[in-house]
Amino acid sequence: MDYRTLKPFPEGFLWGGSSSAYQCEGAWDEDGRTPAVCDTAEIPEGTTDYKVGIDHYHRFKEDIALMAEMGFKEFRFSISWSRIIPTGDGEVNPIGVQHYHDVIDECHKYGIEPVVTLYHFDLPQCLQDRYGGWADRQCIDAFVNYCRVCFKEYGSKVKYFLTINEQNMMVIYQGYRDYGDEKTIWQANHHMLLAQAKAMALCHEMTDAKIGPAPNITAIYPATSSPADNLAAMDMDQFRNRLFLDPAVFGTYPEALMQWFTDRGVAPEILDGDMEAMKNGHPDFIAFNYYGAGCVRYVSTEEGEKLKAEAVEKKDFMTGLMTYPGLAMNVKNTNAVYTSYGMGIDPIGLRVTLRQLWERYHLPLIITENGCGVPDTLTEDEKVHDDYRIDYLRQHIKACQEAITDGVELFGYSPWSAFDLISTHQGITKRYGFIYVNRDEFDLKDMKRIRKDSFYWFRKVCESNGADLD
Ligand code: BG6
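A brief report on the enclosed structure follows. Values in this document were obtained by computation on a predicted structure and should not be read as measured data. (Residues numbered from 1 in each chain as written. Predicted model: local features only at pLDDT ≥ 70, side-chain atom pairs only at ≥ 80, totals over all residues. Heavy atoms only, no water.)

Overview of the pattern of salt bridges
Thought 1: Tallying each qualifying case throughout the model produces 32 salt bridges.
Thought 2: Here arginine 137 and aspartate 274 are joined by a salt bridge, their closest N and O atoms 2.9 Å apart. With a gap of 137 residues between them, arginine 137 in the loop between helix H6 (125-131) and helix H7 (138-154) and aspartate 274 in helix H12 (residues 274-280) connect regions that are remote in the sequence.
Thought 3: A residue is classified by how much of its surface remains accessible, and arginine 137, at 30% relative accessible area, is partly exposed.
Thought 4: A salt bridge links glutamate 382 to lysine 448, with the nearest nitrogen and oxygen atoms 2.7 Å apart. In this pair, glutamate 382 sits in the loop between strand E13 (365-369) and helix H16 (387-406) while lysine 448 sits in the loop between strand E15 (435-437) and strand E16 (449-451), placing the two residues 66 residues apart along the sequence.
Thought 5: Owing to a relative accessible area of 36%, lysine 448 belongs among the partly exposed residues under this scheme.
Thought 6: Here the residues in one salt-bridge network are Arg351, Arg355, Glu359, Lys398, Glu402 and Asp406, joined through shared partners. (Salt bridge = Lys/Arg side-chain N within 4 Å of Asp/Glu carboxyl O. Helix = DSSP H or I, 4+ residues; strand = E, 2+ residues; numbered from the N terminus. Buried < 20%, exposed > 50% of the residue type's maximum accessible area, 1.4 Å probe, protein only.)

Things to note about the side chain of asparagine 370
Thought 1: In this fold, asparagine 370 is placed in the loop between E13 and H16.
Thought 2: A distance of 3.3 Å separates polar atoms of two side chains, one belonging to asparagine 370 and the other to tyrosine 392.
Thought 3: In contact with asparagine 370, not counting residues within four places along its chain, are Tyr290, Tyr291, Tyr392, Leu393, His396, Tyr413, Pro415 and Trp416. (Polar contact = N/O pair within 3.5 Å; in protein donor to acceptor, adjacent residues only side chain to side chain. Contact = heavy atoms within 4.5 Å.)

Structural notes on the site of the ligand
Thought 1: Neighbouring residues of the ligand: 14 residues in total, closest Gln23, Glu166, Thr424, Lys430 and Tyr432.
Thought 2: Separating an oxygen atom of the ligand from a side-chain N or O atom of histidine 120 is a distance of 2.9 Å.
Thought 3: Taking glutamate 166, its side chain carries an N or O atom lying 2.6 Å from an oxygen atom of the ligand.
Thought 4: Here the ligand has 370 Å² of accessible area as a free molecule, and 91% of this is covered by the chains. (Near = heavy atom within 4 Å. Areas by Shrake-Rupley, 256 points an atom, 1.4 Å probe, with all protein chains shown as cover.)

Notes on unusual backbone geometry
Thought 1: Look at the link from tryptophan 416 to serine 417: it is a cis peptide, with omega at 5°.
Thought 2: Here serine 417 shows up in the loop between strand E14 (410-413) and E15.
Thought 3: Here the phi dihedral of alanine 27 falls at roughly 45°; this positive angle occurs in a residue that is not glycine.
Thought 4: Mapped onto the elements, alanine 27 comes out in the loop between helix H1 (21-24) and helix H2 (37-40).
Thought 5: One non-glycine residue, histidine 362, lies in positive phi territory at about 50°.
Thought 6: Topologically, histidine 362 is positioned in the loop between helix H15 (347-361) and E13.

Remarks on the layout of surface pockets
Thought 1: Its boundaries defined by the atoms lining it, the second largest pocket holds a volume of some 190 Å³.
Thought 2: The wall of the second largest pocket is formed by 13 residues, among which Ala233, Met234, Asp237, Gln356 and Arg360 lie closest to the centre.
Thought 3: Of all the secondary structure elements, the ones that give two or more residues to the lining of the second largest pocket are strand E6 (220-222), helix H10 (227-250) and H15.
Thought 4: The biggest single contributor to the lining of the second largest pocket is H10, with six residues.
Thought 5: Grouping the constituent residues of the lining of the second largest pocket by class yields seven nonpolar, two polar and four charged. (1 Å grid on protein atoms, 1.4 Å probe; cavity = no way out; pocket = protein on both sides within 12 Å on 5 of 7 lines; lining within 4 Å. Points joined across faces, edges and corners; volume = space filled by probe spheres on them. Nonpolar A, V, L, I, M, F, W, Y, C, P; charged D, E, K, R; others polar.)

Description of the sheet that holds strand E5 (residues 210-214)
Thought 1: Strand order across the open sheet formed by eight strands is E5-E4-E3-E2-E1-E14-E13-E7, with parallel pairing between neighbours. The open sheet has two edge strands, E5 and strand E7 (286-289), and neither has a second partner. Across this sheet, the average inter-strand angle for adjacent strands is 30°, counted without regard to direction.
Thought 2: Pairing of strand E4 (residues 160-165) with E5 involves four bridges; the strand directions are parallel. The partner of phenylalanine 161 across the bridge, within E5, is isoleucine 211.
Thought 3: Together, strand E1 (14-18), E13 and E14 form the strand contacts of H16, whose direction differs from that of E14 by roughly 170°. (Pairing = 2+ DSSP bridges. Axes fitted to C-alpha atoms, helices over the stretch in contact; angles between N-to-C directions.)

Here's what the structure looks like:
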């Protein structure tokens, strides 16, 4: 629907940017920190590891000052679990604890609201070694214990905690890599959902802060208007989105999906008390990351099994993972729009996603990731002319405003990423930030921070509360 007049962004709207500890901090073995699973994972050839990152651990004051200059109202960052509790579930490391006090205090100095992710892909390696990761229930207690430390330390100065970043992506991609068999993947997922519910309940018990999940959520389009494809889109929506948000908000699994799990013999084992614990944890809001919508078609059991096996054989894991025999498989969206820099762009998909989330859960929403990853060019006079990024963000912010006019309660927009950092699988060459960091994959250079064109543009957006997008 097109409007003649759009509602303004609400007063106090949280404009800002996001990051995660392991992708920017560096100092991977300093001050008592022990390795996390991301430090030991195989790094794609030709890309950097995470040992130095952008040295944010040592330069956070300079980075926060730049964010303040941009007019940020919030900064989303994550706490490194193995910096706070190097043994995963043992003694607390006071130096690690102090570090995040310093980061939070520095944000407050400039009136920037810290939005704190408790867990962003970086399970302590020792827990992976000891328990085999989330497939073991003991990880639940370890996580809750770690959250208790965070709530005790930071609960009085942080208003917004996020539980687990992109649990759905972790389960779908890493789960497949780590466990291989489906039953274990859904079991690990069940444990993470329980850990999250317990952490939310504990947060409410110990603090006045608000807390919510942070999955990667996206609308799913049917490839055609055939009834079978429409059903497939509903089914994929359960897999991709509802499997993670229904338990968080309602304390229940989507019924049809549970039936599919049971039918295939891969349903997670649910112990007495699990569903009560799940119901006991309530989010105050939903944070979500959005990069683009999905598109699916129906696939029969027989065809699906064949395509899945072929994809795995060819090491085409994306197709392999997103093919659910007898249910749905991912396909290319023939209506997708690609920008000149080769990235899919679907701002209407963001509006659809916002509407679906709001109409389904009626909880306040905050976008904790959305952005444009491109190999930026630094000119000789130290400028980065990233008009493509400005264009990308402008279109998505406009979609947010339309959704607000539709009635959606959106309270923040925190694109990925505040500054350049290391991508999950494409090194530093693929950059998302407003602030350029002068380093290459293997040449660390001087790591100078340089304001991109988008820095100045976003400053106007923050100052005008989204009224000036030109
Ligand atoms: C999200 C993650 O999936 O996407 C971030 O939460 C990640 O950690 C971001 O960096 C962008 O993806 P990538 O693979 O380009 O770094």
